[in-house]
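For reference, the chains in residue letters:
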Amino acid sequence: MRFVYVRIGWEGSVHDARILQDTLLDPDSSFPMPPQGKYYAVDAAYRNMPGFMAPFRGAQGTHHERAAKRLFNRRHASVRNIIERTFGVLKKRFPIFKGPMQNYLIATQNNIVLACCTFHNFMRAYSPTDEYFNEEAALGALVDAHIAGEQPHPGQPIDMSQQGIDNWNEDRRAMAAHMYLNEHN
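My aim in this report is to walk through the structure given alongside it, one point at a time. It should be emphasised that the depicted structure is a prediction, and the values quoted were computed from it without experimental measurement.

The subject of this paragraph is the nonpolar core. Formed by M53, F56, A67, A68, L71, F72, W168, A176, M179 and Y180, the largest nonpolar core amounts to ten residues. Secondary structure elements with two or more residues in this core: helix 2 (63-93) and helix 5 (162-183). Setting aside chain neighbours within four positions, we find Y180 in contact with H64, A67, A68 and L71. Of all hydrophobic cores here, the second largest spans nine residues; its members include L20, F31, V42 and I165.

Between helix 2 and helix 3 (residues 106-126), whose axes approach to 11 Å, the crossing angle comes to 105°. Relative to helix 3, the element helix 2 is oriented roughly perpendicular. On the side of helix 2, the interface is formed by T86, V89, L90 and R93, while helix 3 contributes C116, C117, F119, H120 and M123. When grouped by side-chain class, the residues that make up the contact of helix 2 with helix 3 number six nonpolar, two polar and one charged.

For the rest of this paragraph, the subject is unusual backbone geometry. Of note in this structure, S30 is not a glycine but carries a positive phi near 55°. Mapping S30 onto the fold places it in the loop between helix 1 (16-25) and strand 1 (40-41).

Relative to the helices and strands, R172 resides in helix 5. E170 provides the closest opposite charge to the buried, salt-bridge-free R172, at an N-O distance of 9.4 Å. Only 2.9 Å separates the side chain of R172 from the backbone oxygen of P55, close enough to count as a polar contact. Not counting the four nearest positions on each side in its chain, R172 is found in contact with N48, M53, A54, P55, F56 and F72.

Quick look at the environment of Q163 now. You can see Q163 is positioned in helix 5. Owing to a relative accessible area of 48%, Q163 belongs among the partly exposed residues under this scheme. Within polar-contact distance, the side chain of Q163 engages the side chain of N167 at 2.7 Å.

Scanning the model with the defined rule gives eleven aromatic pairs in all. Residues Y39 and W168 carry aromatic rings whose centres are separated by 6.4 Å and whose planes lie at 75° to one another, so their mutual orientation is edge-to-face. Here Y39 is found in the loop between helix 1 and strand 1, whereas its partner W168 is found in helix 5, with 129 residues between them in sequence. Judged by relative accessible area, Y39 falls into the partly exposed class, the value being 34%. Consider the rings of F94 and F97, whose centres lie 6.5 Å apart with planes at 80°: the pair is edge-to-face. Here F94 and F97 have matching classes, each one buried. Members of the aromatic cluster, connected to one another through ring pairs, are F94, F97, F119, F122 and Y126. Taking NZ or CZ as reference, R172 lies 4.1 Å from the ring centre of F56, over its face.

Between helix 2 and helix 5, the least distance of the axes is 8 Å, while the angle of their chain directions is 95°. It follows from the interaxial angle that helix 2 and helix 5 lie roughly perpendicular. Contacts from H64, A67, A68, K69, L71, F72 and R75 of helix 2 reach helix 5 at R172, M175, A176, A177, M179, Y180 and E183. Its residues placed into classes, the contact of helix 2 with helix 5 shows nine nonpolar, one polar and four charged.

About the cut-offs
- Residues numbered from 1 in each chain as written.
- Predicted model: local features only at pLDDT ≥ 70, side-chain atom pairs only at ≥ 80, totals over all residues.
- Heavy atoms only, no water.
- Core = buried A, V, L, I, M, F, W, Y, C linked by side-chain atoms within 4.5 Å.
- Buried < 20%, exposed > 50% of the residue type's maximum accessible area, 1.4 Å probe, protein only.
- Helix = DSSP H or I, 4+ residues; strand = E, 2+ residues; numbered from the N terminus.
- Contact = heavy atoms within 4.5 Å.
- Axes fitted to C-alpha atoms, helices over the stretch in contact; angles between N-to-C directions.
- Parallel < 35°, antiparallel > 145°, perpendicular 65-115°, else oblique.
- Nonpolar A, V, L, I, M, F, W, Y, C, P; charged D, E, K, R; others polar.
- Lys, Arg positive; Asp, Glu negative; His and termini not counted.
- Salt bridge = Lys/Arg side-chain N within 4 Å of Asp/Glu carboxyl O.
- Polar contact = N/O pair within 3.5 Å; in protein donor to acceptor, adjacent residues only side chain to side chain.
- Phe/Tyr/Trp six-rings, centres within 6.5 Å; stacked < 30°, edge-to-face > 60°.
- Lys NZ or Arg CZ within 6 Å of the ring centre and 35° of its normal.

See the structure below:
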């Protein structure tokens, strides 16, 4: 339940997928790509591509393929739920995010967002008994992905070629099929 990257400066009406695309194409963004074999779970508004695992849209295919996709989507949603809960904690702690931001200068608004996300991460790291995090944990939070002492791995290169996208889609299909087989064996 930590923020690994915060991109400030966009209006709230801009679609998240556009911001991600701009970030990935910006060589100065310093976006932390996941290590090889890892990925970020994203919702259906995003494109399924290397490093970003989206749920399946629609249920096409044989009965087993459709069942595998539904199982994958259920499990994917439970992981993605952590993201929503993280934003829930941020909004509870900083009520300024619950409504329209006051008429501050854009630079001030950007600094407020960055400071709140930084403080959120600080509280997560140094206040393990914080009421907001404990409340979310009681609602079904999963164990933090961060393991003390884990060595950082370099991010995977992003392959946006059609072959890279096709390979990533095949990886997702194979993952869904594997989940389905393990569930029914």
